[in-house]
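Structural characterization, general
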Amino acid sequence: QKEVEQDPGPLSVPEGAIVSLNCTYSNSAFQYFMWYRQYSRKGPELLMYTYSSGNKEDGRFTAQVDKSSKYISLFIRDSQPSDSATYLCAMSRSEVIFGTGTRLQVFP
Amino acid sequence: SAVISQKPSRDICQRGTSLTIQCQVDSQVTMMFWYRQQPGQSLTLIATANQGSEATYESGFVIDKFPISRPNLTFSTLTVSNMSPEDSSIYLCSVLDGDGYTFGSGTRLTVV
């Protein structure tokens, strides 16, 4: 079993939709949770990070962590074509472990 | 957050040759990391490069294949040696700063 599991997609949604991206993990020692966005031919870009269970909001993005279920989510409200990218979850204790990424396409 | 300049952005190389990838950071950082990103797979850490000491390699990666230099706190290189088609991948450098892990734009390597 992989330490971090992420559905690779692709996920295709219409503009304006609410998008839910998810990751599960197996190691309860993870303390720091991140979401990265990666556009084609670019490096990953940090979107959000959180230390604790609960929700963290930043504009149209909400990161949710449920440590009891070992489950994290990224919600995108009012999705835009410019949100089309691959989204990677990541989590760390002493080192950082990445998910495989979910490819998202938002069509007009 | 730190700004990383990585080059080359892409290259096509003959098998058996070597390619050196460079990363320049706009601020001094203690630790720099080199990752490989293969299609459909998660980012895999190759090694951690600290200034003034030898790089620390992850399981499955060896110094003879991926020599790393870290001459100062703002610069590092990764060499992919004696390349084979299996080395075709995206290679990324990364630093840990106050905003978490920041990545370069990556080097897309194709070995033919």
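This section reports on the structure supplied with the text. (Residues numbered from 1 in each chain as written. Chains lettered and ligands numbered in written order. Predicted model: local features only at pLDDT ≥ 70, side-chain atom pairs only at ≥ 80, totals over all residues. Heavy atoms only, no water.)

1. Some thoughts on the pairing of strand β3 (residues 19-25) of chain B
The two faces of the sheet receive side chains in turn, since in a regular strand these alternate between them. Residues and elements named next belong to chain B. Burial along β3 is one-sided: Leu19, Ile21, Cys23 and Val25 are buried, and none of Thr20, Gln22 and Gln24, which face the opposite way, are. Bridge count for strand β1 (residues 4-7) against β3 is four bridges, and the pairing is antiparallel. Among the inter-strand pairings, serine 5 is bridged to a residue of β3, identified as glutamine 24. Here β3 pairs with strand β8 (residues 75-80) via six bridges, running antiparallel. Bridging from a neighbouring strand, leucine 19 pairs with valine 80 of β8. (Buried < 20%, exposed > 50% of the residue type's maximum accessible area, 1.4 Å probe, protein only. Helix = DSSP H or I, 4+ residues; strand = E, 2+ residues; numbered from the N terminus. Pairing = 2+ DSSP bridges.)

2. Thoughts on the environment of A:Phe61
Residue and element names in this part refer to chain A. Turning to its location among the elements, phenylalanine 61 is positioned in strand β7 (residues 61-66). Given a relative accessible area of 11%, phenylalanine 61 falls into the buried group. Taking the C-alpha atoms as reference points, phenylalanine 61 and serine 20, 41 residues apart in sequence, are found 10 Å from one another. Ignoring sequence-local partners within four residues, the contact set of phenylalanine 61 consists of Arg37, Leu47, Met48, Lys56, Leu74, Phe75, Ile76, Arg77 and Asp83. (Contact = heavy atoms within 4.5 Å.)

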